[in-house]
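Secondary and tertiary structure notes
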Amino acid sequence: MELPQSRWWRWRRRHLLTGSLLLLVGLLLAHEPAAVSADPDEDIPHNEVRNWAIRFGVDLWEFGRQFTKVNDIRNRFKDSDVDVTRKDGILLLRELAAEVKNFMDFKMNAVMNAQKEGFANRAAPKTISFIYREATNNC
């Protein structure tokens, strides 16, 4: 069951997410990094880095899930007979690049044809005479 959301709640949620993101960026920028020691014998705390990366990944995933409203989209299409299939990102990118290339080729050919047509149908340049009147000398 989806709760009805008023405009105020949507506004509050959007600004809360934006404010949280700005606060996070501000804290990251304000924090002075600790002095880095160049001791080659010192070992990297792999477990701490791994735990931090996992926490960061989970937070990023949750933020993305809330921001894209994926659960709302799923709920809207539950009653429909819609199948969602995974698609390889590289394959999708290649298809998109091919479509953009075809579109650009079509546009370039159209411009080249218009240019050829313009050169083929051009007439001798017309001479246009202008009368120049000086604004400061009212003669």
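The coordinates are above.
Conventions used here
- Residues numbered from 1 in each chain as written.
- Predicted model: local features only at pLDDT ≥ 70, side-chain atom pairs only at ≥ 80, totals over all residues.
- Heavy atoms only, no water.
- Helix = DSSP H or I, 4+ residues; strand = E, 2+ residues; numbered from the N terminus.
- Buried < 20%, exposed > 50% of the residue type's maximum accessible area, 1.4 Å probe, protein only.
- Areas by Shrake-Rupley, 256 points an atom, 1.4 Å probe, with all protein chains shown as cover.
- Salt bridge = Lys/Arg side-chain N within 4 Å of Asp/Glu carboxyl O.
- Expected span 1.5 Å × (residues − 1).
- Patch = residues over 30% accessible without salt bridge, like charges linked within 9 Å, V, L, I, M, F, W, Y side chains within 5 Å.
- Phe/Tyr/Trp six-rings, centres within 6.5 Å; stacked < 30°, edge-to-face > 60°.

On to the overall build of the protein, then. Across its full length, the protein carries 4 helices and 0 strands. Ordering the α and β elements of the protein from the N terminus gives α-α-α-α. Across the 139 residues that make up the protein, the buried fraction comes to 1%. On the protein, roughly 14,600 Å² of surface is accessible, and the fraction owed to carbon and sulfur atoms is 61%.

On to the pattern of salt bridges, then. Here the structure, examined in full by the defined rule, presents 3 salt bridges. E95 is the salt-bridge partner of K87, the closest N and O atoms lying 3.0 Å from each other. A salt bridge links K101 to D105; its shortest N-O distance comes to 2.8 Å. Of this pair, K101 and D105 both sit in helix α4 (residues 89-120), 4 residues apart, roughly one helical turn.

Okay, helix α2 (residues 46-68) next. Here α2 is 23 residues long and its end C-alpha atoms lie 32 Å apart, about the 33 Å a rise of 1.5 Å per residue gives. Remark: K69 follows α2 within two positions and exhibits a positive phi of approximately 55 degrees.

On the surface, a nonpolar cluster with roughly 490 Å² of combined accessible area is contributed by L93, L96, V100, F103 and M104. As for its placement among the helices and strands, L96 is situated in helix α4. When its relative accessible area of 48% is taken as the criterion, L96 is described as partly exposed.

What follows concerns the packing of aromatic side chains. This model, assessed by the stated rule, comprises 2 aromatic pairs. Judged by centre distance (5.4 Å) and plane angle (5 degrees), the ring pair of W52 and F56 falls under stacked. Here W52 and its partner F56 are both found in helix α2, 4 residues apart, which amounts to about one turn of the helix. Under the relative-accessibility criterion, W52 is labelled partly exposed at 49%. F56 sits in the partly exposed class, given a relative accessible area of 43%.

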